Amino acid sequence: MSVEVERKFLCSADTLKTLEEIGVCVGQREFQDQYYDTPKFDLTLRDMWLRKRKGCWELKCPTSSVSVTEELSGEQSQAAALCTRYKEITKLPEIHLRVEEVIKDACEHVERKSDSSQEDESWLSKLNLVCFAEYTTVRRSFTLEEEGVQIDLDQADFGYHVGEIEVLIPEEGDVQSALEKITKAAQKLGLAGDQRVEGKMNVYLKRYHPDHYAILLSAHIL
Ligand code: V4E
């Protein structure tokens, strides 16, 4: 399982120019995301994000290692405050397990078969999961000389553009080094280091599901 350390940024014309000069474009792709939760928002209120992307299930959930950021120096904790860290789970039996753990009171037991197919969606209704967000993203990806840094420029179909600097590490991997790589990349792109930028979901919920957005905002999830 990997952990995604990520910093979002707004990509101005100048930033794009710099990125095209210092980075290598490694491709463009388009994908649709469908996000699921219970009507009471049991998952998103725990900062868990269940989605289907290109026919495959993924669950992004918070990392358990709280202590890592507590050990950071002033400068590093500033860098950490601009970033998010999420575990990415892609194995369907583990996704079932994690989701069921959270909403077990409200749901039927879901049989966990090692050969569960991505197409069998009967578990969704058993767990009372419904799609609450659906959008398509066109993503252009770049790599930098810095090892392991990827930069994505996302254009969502509801009119929001956002960039992300991303480093993937193993579950107990070196968060500090990931933060340093992200800070270095941000400096190379000329980004100011004082602003946390909204992700696509923030903007989507604010616009299309303001009640859900307000609940997550007051729970300090968004
Ligand atoms: C983790 C999360 C959400 C799920 C979507 O995550 P995000 O990284 O925004 O989407 P995307 O399409 O870039 O996924 P990728 O391809 O990188 O895996 S929705 C909200 N969150 C939490 C969150 C947060 N609290 N703050 C910020 C700035 N981003 C995300």
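What counts and how
- Residues numbered from 1 in each chain as written.
- Predicted model: local features only at pLDDT ≥ 70, side-chain atom pairs only at ≥ 80, totals over all residues.
- Heavy atoms only, no water.
- Helix = DSSP H or I, 4+ residues; strand = E, 2+ residues; numbered from the N terminus.
- Buried < 20%, exposed > 50% of the residue type's maximum accessible area, 1.4 Å probe, protein only.
- Contact = heavy atoms within 4.5 Å.
- Pairing = 2+ DSSP bridges.
- Axes fitted to C-alpha atoms, helices over the stretch in contact; angles between N-to-C directions.
- Phe/Tyr/Trp six-rings, centres within 6.5 Å; stacked < 30°, edge-to-face > 60°.
- Core = buried A, V, L, I, M, F, W, Y, C linked by side-chain atoms within 4.5 Å.

(A) Up close: the overall build of the protein. The helix and strand inventory of the protein stands at eight helices and eight strands. Counting only residues that meet the buried cut, the protein has 46% of its 222 residues in that class. Put simply, of all contacts in the protein between residues at least 6 apart along the chain, 68% involve residues at least 24 apart.

(B) Examining the sheet that holds strand 3 (residues 49-53) more closely. Taken together, the eight strands give a closed barrel; going around it, the order is 1-5-4-3-2-6-7-8, and neighbouring strands pair in antiparallel fashion. Averaged over all pairs of adjacent strands, the angle between strand axes in this sheet comes to 35 degrees, irrespective of strand direction. Strand direction decides the pairing type here: strand 1 (residues 2-9) and strand 5 (residues 83-89), joined by six bridges, are antiparallel. Note that in strand 5 the partner of Ser2 across the bridge is Glu88. Packed onto the sheet, helix 1 (residues 13-22) meets strand 1, strand 2 (24-37), strand 6 (130-143) and strand 7 (149-156) and runs at close to 55 degrees relative to strand 6.

(C) The packing of aromatic side chains, seen in detail. Taken as a whole and judged by the stated rule, the model has nine aromatic pairs. Of the aromatic side chains, those joined through ring pairs into one cluster are Tyr35, Phe132, Tyr135, Phe158, Tyr204 and Tyr208.

(D) Expanded view of the environment of Ser64. Among the structural elements, Ser64 can be located in the loop between strand 4 (56-62) and helix 2 (67-70). By relative accessible area, Ser64 is classed as exposed at 57%.

(E) Up close: the nonpolar core. With 22 residues, the main nonpolar core has Val5, Ile151 and Ile165 as its most contacted residues. Elements that contribute at least two residues to this core include exactly strand 1, strand 7, strand 8 (161-170) and helix 6 (175-188). With six residues, helix 6 is the single largest residue contributor to this core. The contact partners of Ile151, leaving out residues within four places of it in the chain, are Phe9, Leu19, Arg140, Ser141, Phe142, Leu144, Glu164, Ile165 and Leu189.

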